[in-house]
Number of protein chains: 2
Amino acid sequence: MEKAPEKQSIDRRVVIEMLQRHDVTPTQQRVEIAQMLFARPQHLSADQLLAQVNSESNHVSKATVYNTLNLFARKGLVREVIVDPSRVFYDSNTSQHHHFFNVDTGELTDVPLPTLSMEQLPSLPQGTVAAGVDVIIRLRSAD
Amino acid sequence: MEKAPEKQSIDRRVVIEMLQRHDVTPTQQRVEIAQMLFARPQHLSADQLLAQVNSESNHVSKATVYNTLNLFARKGLVREVIVDPSRVFYDSNTSQHHHFFNVDTGELTDVPLPTLSMEQLPSLPQGTVAAGVDVIIRLRSAD
DNA sequence: GTCAGTGCAAACCCTTTGCAGAAAG
DNA sequence: CTTTCTGCAAAGGGTTTGCACTGAC
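Now for a quick tour of the structure. In this text, all values refer to a predicted model and were calculated from it rather than measured experimentally.

1. Focus: the protein's contact with DNA strand C
1) Next: Close to DNA strand C lie 17 residues; Tyr66(A), Ser86(A), Thr27(B), Gln29(B) and Thr64(B) are nearest.
2) Next: Each atom of DNA strand C within 4 Å of the protein belongs either to a base or to sugar and phosphate, the latter forming 84%.
3) Next: The separation between a sugar or linking oxygen of DNA strand C and a polar main-chain atom of Ser86(A) is 3.5 Å.
4) Next: Residue contributions to the surface near DNA strand C peak at five residues, all from helix H4 (residues 62-74) of chain A.

Below, the structure written as structure tokens:
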């Protein structure tokens, strides 16, 4: 077995507090999922997260991963990123930022610098309120 | 039966030329789909389009609608709009514009005016070229 | 005839759901 | 105890695919 290069997860206590602050009961599975997910800013599909969580130690079921991600999204702990019809990505960074999506590789990354023009919103349709703005720059691998 | 308020489809010949200009062989089914789709700027899912095409006159199969929409997208005749993990929308307007998506109603609409700031692209990751920019403003219905 | 296009049904795959057992407080 | 959560397997639902048939040239 290989030596883990660095601790891939953050402190349990920190995660538990984070969950509680968002009104999420910190069950064992949720904490484990959150430790993996919030270890660093990243974009994971449910399946990728499932694999990562179950690669080290304990086992969390697929249903629980899906349920938990939906819960986290509802509670504002993660941001759903919808760029690929075949799967949803979950972004552990909920602060406002934009994305590159490489349609050839399926890779999703952050636009590094605060996007130049923070456009102010156009006037919204009557009876609606803004819930968020998604900016996705689709890329292709050159040649 | 109700009187059709206005012709819902555009001239066959116009559509056929449009397909040919995009290297798409104008088969009967494709022309029919295109007539429906390009009658006006709109956002339709494959299923909605299937229903619309088959409501008046001839029959086109579900497989053909899906195949055709993929073909049209590949050939640049329509723009895929990915905002909802449960289904892809096809936009008959391929010119650069932004979208509102009401997450409560599932309604997809255009941002009416040229969005104020046409932000210039940030520098792209090495080895990639831009393929398009999607701006989606998610809305909720104000109670 | 040849080759592309179509239709049908089955296959796919991600995601959700029903329900019984387990855990949290 | 009571309520919420988890796990399993099955169901769901949009989309794709295999394959035989049709049609255009």
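2. A word on the pairing of strand S2 (residues 79-84) of chain B
All names here are of chain B.
1) Next: The buried fraction of S2 is high, at five of six residues.
2) Next: With four bridges connecting them, S2 and strand S3 (residues 87-91) associate as antiparallel partners. Paired with arginine 79 across the bridge in S3 is aspartate 91.
3) Next: Between the end of S2 and the start of S3, which pair antiparallel, lie two residues.

3. Thoughts on the relation of the copies chain B and chain A
1) Next: Rotating chain B by 180° and moving it 0.0 Å along the rotation axis overlays it on chain A with an RMSD of 0.1 Å. Classification of the inter-copy transformation places it as that of a two-fold axis. Among all residues of chain B, the minimum C-alpha distance to the rotation axis is found for Val135(B), at 2.3 Å.
2) Next: Comparing contact sets, 100% of the residues at the interface of chain B also lie at the interface in chain A, consistent with an isologous, same-surface contact.

4. Digging into the protein's contact with DNA strand D
1) Next: Surveying the vicinity of DNA strand D reveals 18 residues, the closest of which are Thr27(A), Gln29(A), Thr64(A), Tyr66(B) and Ser86(B).
2) Next: Sugar plus phosphate: this is where 84% of the atoms of DNA strand D within 4 Å of the protein reside.
3) Next: Between Ser61(A) and DNA strand D, the recorded distance is 3.1 Å, taken from a backbone N or O atom to a phosphate oxygen.
4) Next: At a separation of 3.0 Å, a phosphate oxygen of DNA strand D approaches a polar side-chain atom of Asn70(B).
5) Next: Elements with a contribution of two residues or more to the surface near DNA strand D: helix H2 (28-37) and H4 of chain A together with helix H4 (62-74) and S3 of chain B.
6) Next: Sort the elements by how many residues they give to the surface near DNA strand D and H4(B) lands first, with five residues.
7) Next: When the residues that make up the surface near DNA strand D are grouped by side-chain class, the tally is six nonpolar, nine polar and three charged.

5. Points about H4(B)
Residues and elements named next belong to chain B.
1) Next: Taking 1.5 Å of rise per residue, the 13 residues of H4 would be expected to cover 18 Å, and the 18 Å separating its terminal C-alpha atoms lies within 8% of that figure.
2) Next: Looking only at H4, the buried set comprises Val65, Thr68, Leu69, Leu71 and Phe72. Axial view of H4: buried residues confined to an arc of 160°, hence all on one face. Exposed and facing more than 90 degrees away from the buried side of H4 are Asn67 and Arg74.
3) Next: Buried residues belonging to H4 abut helix H1 (12-21), helix H2 (28-37), helix H3 (46-55) and S3.

6. Things to note about the environment of Asp23(A)
1) Next: With respect to the secondary-structure elements, Asp23(A) resides in the loop between helix H1 (12-21) and H2.
2) Next: Residues Asp23(A) and Lys75(A) lie 52 residues apart in sequence; the distance between their C-alpha atoms is 7.4 Å.

7. Some remarks on the pattern of salt bridges
1) Next: If you walk through the whole model with that rule in mind, you get eight salt bridges over all chains.
2) Next: As a salt-bridge pair, Arg79(B) and Asp134(B) come within 3.3 Å of each other at their nearest N and O atoms. Of the two residues, Arg79(B) is situated in strand S2 and Asp134(B) in strand S6 (residues 128-141); the sequence distance between them amounts to 55 residues.
3) Next: Taking the relative accessible area as the measure of exposure, Arg79(B) reaches 15% and is therefore buried.
4) Next: For Asp134(B), a relative accessible area of 8% corresponds to the buried category.
5) Next: The network of salt bridges with common partners includes Arg79(A), Asp134(A) and Arg138(B).

8. As for the pairing of strand S3 (residues 87-91) of chain A
Residues and elements named next belong to chain A.
1) Next: S3 sits mainly inside the fold: four of its five residues count as buried.
2) Next: Here three bridges tie strand S1 (residues 43-45) to S3, and the two strands are oriented antiparallel to one another. Bridge pairing links serine 45 to phenylalanine 89 in S3.

9. Describing the sheet that holds S2(B)
Residues and elements named next belong to chain B.
1) Next: Overall, antiparallel pairing links the three strands, which are arranged S1-S3-S2 in an open sheet. Since the sheet does not close on itself, it has two edges, and those belong to strand S1 (43-45) and S2, each with one partner. Across the sheet, the mean angle separating the axes of adjacent strands is 35° when strand polarity is ignored.
2) Next: Lying over the sheet, H3 contacts S1 and S3, oriented at roughly 95° with respect to S1.

10. Quick notes on the packing of H3(B) against H4(B)
All names here are of chain B.
1) Next: The contact between H3 and H4 brings their axes to 10 Å, and the two run at 120°. Judged on the interaxial angle alone, H4 and H3 are oblique. Crossing angle aside, the handedness with which H3 passes H4 is right-handed. Contacts between H3 and H4 involve Ala46, Asp47, Leu49 and Leu50 from the first element and Lys62, Val65, Tyr66 and Leu69 from the second.
2) Next: Taken together, the residues of the contact of H3 with H4 sort by class into six nonpolar, no polar and two charged.

Thresholds, definitions, all that
Residues numbered from 1 in each chain as written. Chains lettered and ligands numbered in written order. Predicted model: local features only at pLDDT ≥ 70, side-chain atom pairs only at ≥ 80, totals over all residues. Heavy atoms only, no water. Near = heavy atom within 4 Å. Polar contact = N/O pair within 3.5 Å; in protein donor to acceptor, adjacent residues only side chain to side chain. Helix = DSSP H or I, 4+ residues; strand = E, 2+ residues; numbered from the N terminus. Buried < 20%, exposed > 50% of the residue type's maximum accessible area, 1.4 Å probe, protein only. Pairing = 2+ DSSP bridges. Least-squares fit on C-alpha atoms with pLDDT ≥ 70 in both. Contact = heavy atoms within 4.5 Å. Nonpolar A, V, L, I, M, F, W, Y, C, P; charged D, E, K, R; others polar. Expected span 1.5 Å × (residues − 1). Arc of directions from axis to C-beta. Salt bridge = Lys/Arg side-chain N within 4 Å of Asp/Glu carboxyl O. Axes fitted to C-alpha atoms, helices over the stretch in contact; angles between N-to-C directions. Parallel < 35°, antiparallel > 145°, perpendicular 65-115°, else oblique. Left-handed = near helix turned anticlockwise from the far one by under 90°.

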